[in-house]
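Residues per chain are reported as follows:
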Amino acid sequence: MQLIDTHVHLNFDVFQSDLDQIAQRWRDHHVVRLVHSCVEPSEFDQIQTLAQQFAELYFAIGVHPLDVEKWTSDTAPRMQSMAQSDPKVVAIGETGLDFFKADNVQQQEQIFWSHLQIAQQLNLPVIIHCREAAIPMVQLLEKFWQTQGPVQGVMHCWSGTPAETQRFLDLGFYISFSGIVTFKNAAQVHESAQMVPCDRILIETDCPFLAPVPVRGKRRNEPANVRYIAQQVADLRDVSLEDLAATTTENACRLFQLSLPD
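All values reported here derive from a predicted model rather than from experimental measurement.

J.: I keep staring at the packing of aromatic side chains and nothing clicks. Help me out?
T.: Aromatic ring pairs are reported here in terms of the distance separating the ring centres and the angle at which the planes meet. According to the stated counting rule, one finds six aromatic pairs in the structure shown. Taken together, a centroid distance of 5.8 Å and an interplanar angle of 75° make the contact between Phe12 and Phe209 edge-to-face. Taken as a pair, Phe12 in the loop between β1 (3-8) and α1 (19-28) and Phe209 in the loop between β8 (201-203) and α8 (226-237) lie far apart in primary sequence, 197 residues in all. Since its relative accessible area comes to 40%, Phe209 is described here as partly exposed. Consider the rings of Trp113 and Phe144, whose centres lie 4.9 Å apart with planes at 75°: the pair is edge-to-face. With Trp113 in helix α4 (residues 105-122) and Phe144 in helix α5 (residues 134-147), this residue pair connects regions lying 31 residues apart in the sequence. For the pair Trp113 and Phe144, one class covers both residues: buried. An aromatic cluster of three or more residues is present, and its members are Trp113, Phe144, Trp145 and Phe173.

Here you go:
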């Protein structure tokens, strides 16, 4: 069995004291590839160094919607240069819209549009954060499609309604489920996890956040815990863990152009 954790934040301070042990645990639990996301430009070099340190780690570059004030005139050129020079850059992000914690709608939409342009130019997928912003997100993506053309990508850490899920599926996006899918009260996430087609579903930890049941509340989240998310999604879809792992791994390889170890 091989698992891919499609969204991690291993550069955070909470991991620095025992990162080698964390890596050994993800290897022990069959995690063969990881995609490290990014929230601001100051992380670019740091994440690149981690990707050099761990062979199974690939990464994205971008600016989180809650960090758009850190976008400067040289951010886009830096992203383009790094993506073109480092084959371990497999996505643009995380980017998107977050109207739960911030109301700078116009600024967020402008920076998100810039990410979409870069992703399209480089033929890379986007990793999208969307919180309390599904309708404006769909509208903006539809506008981009109509005026610029399509881009590929994933709705990461998805917690939207089934109706919202379908809107993003209709746009061609993958849907990635995090530890939220293991929470008992996440009924709409459970329904979404059941409805996503086999060729569009992904899994992630979003570590160190959102530790899944049965480790929720006990410790920080880490990549080895993606197995709990895989098991829950498998149970919801009435398939074996091995089948769910094979499906999500194949999908991650397709979206992020990853190859598996021999």
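Next comes the rest of the description.
J.: Looking at this structure, how should I read the pattern of salt bridges?
T.: Charged atoms that come close allow side chains of opposite charge to pair. Across all of its chains, the model carries seven salt bridges by this definition. Residue Arg27 pairs with Glu56 through a salt bridge whose shortest N-O separation is 2.6 Å. Note that Arg27 is positioned in helix α1 and Glu56 in the loop between α2 (44-53) and β3 (57-61), a separation of 29 residues in sequence. For Arg27, a relative accessible area of 38% corresponds to the partly exposed category. For Arg254, the salt bridge identified is with Glu250, shortest N-O distance 3.8 Å. With a gap of four residues between them, Arg254 and Glu250 both fall in helix α9 (residues 241-256), about one helical turn apart. One connected set of salt bridges, linked through shared partners, spans Glu40, Asp67 and Lys70.

J.: Even after reading the chapter, I still don't get the side chain of Arg200, so can you show me in this structure?
T.: Take Arg200: it is sitting in the loop between α7 (187-195) and β8. Although Arg200 is buried, it forms no salt bridge, and the closest oppositely charged side chain is Asp199 at an N-O distance of 4.2 Å. Those residues within four positions of Arg200 in sequence are excluded, and the remaining contacts are Leu169, Gly172, Phe173, Tyr174, Ile175 and Asn251.

J.: Got a minute to help me understand the pairing of strand β7 (residues 174-177) in this structure?
T.: Each regular strand shows side chains that alternate between the opposite faces of the sheet. Here β7 shows two buried faces, one formed by Tyr174 and Ser176 and the other by Ile175 and Phe177. Across two bridges, strand β6 (residues 153-155) lies against β7 in parallel orientation. Following the sheet pairing, Met155 is matched in β7 by Ile175. Handedness of the crossover is the feature at issue here: the chain leaves β6, passes through helix α6 (residues 162-170), returns alongside β7, and the resulting connection is right-handed. Looking at chain direction, β7 and β8 are connected through three bridges and run parallel. Among the inter-strand pairings, Ile175 is bridged to a residue of β8, identified as Ile201.

Calculation criteria
Residues numbered from 1 in each chain as written. Predicted model: local features only at pLDDT ≥ 70, side-chain atom pairs only at ≥ 80, totals over all residues. Heavy atoms only, no water. Phe/Tyr/Trp six-rings, centres within 6.5 Å; stacked < 30°, edge-to-face > 60°. Helix = DSSP H or I, 4+ residues; strand = E, 2+ residues; numbered from the N terminus. Buried < 20%, exposed > 50% of the residue type's maximum accessible area, 1.4 Å probe, protein only. Salt bridge = Lys/Arg side-chain N within 4 Å of Asp/Glu carboxyl O. Lys, Arg positive; Asp, Glu negative; His and termini not counted. Contact = heavy atoms within 4.5 Å. Pairing = 2+ DSSP bridges. Right-handed = clockwise from strand over helix to strand, strands pointing away.

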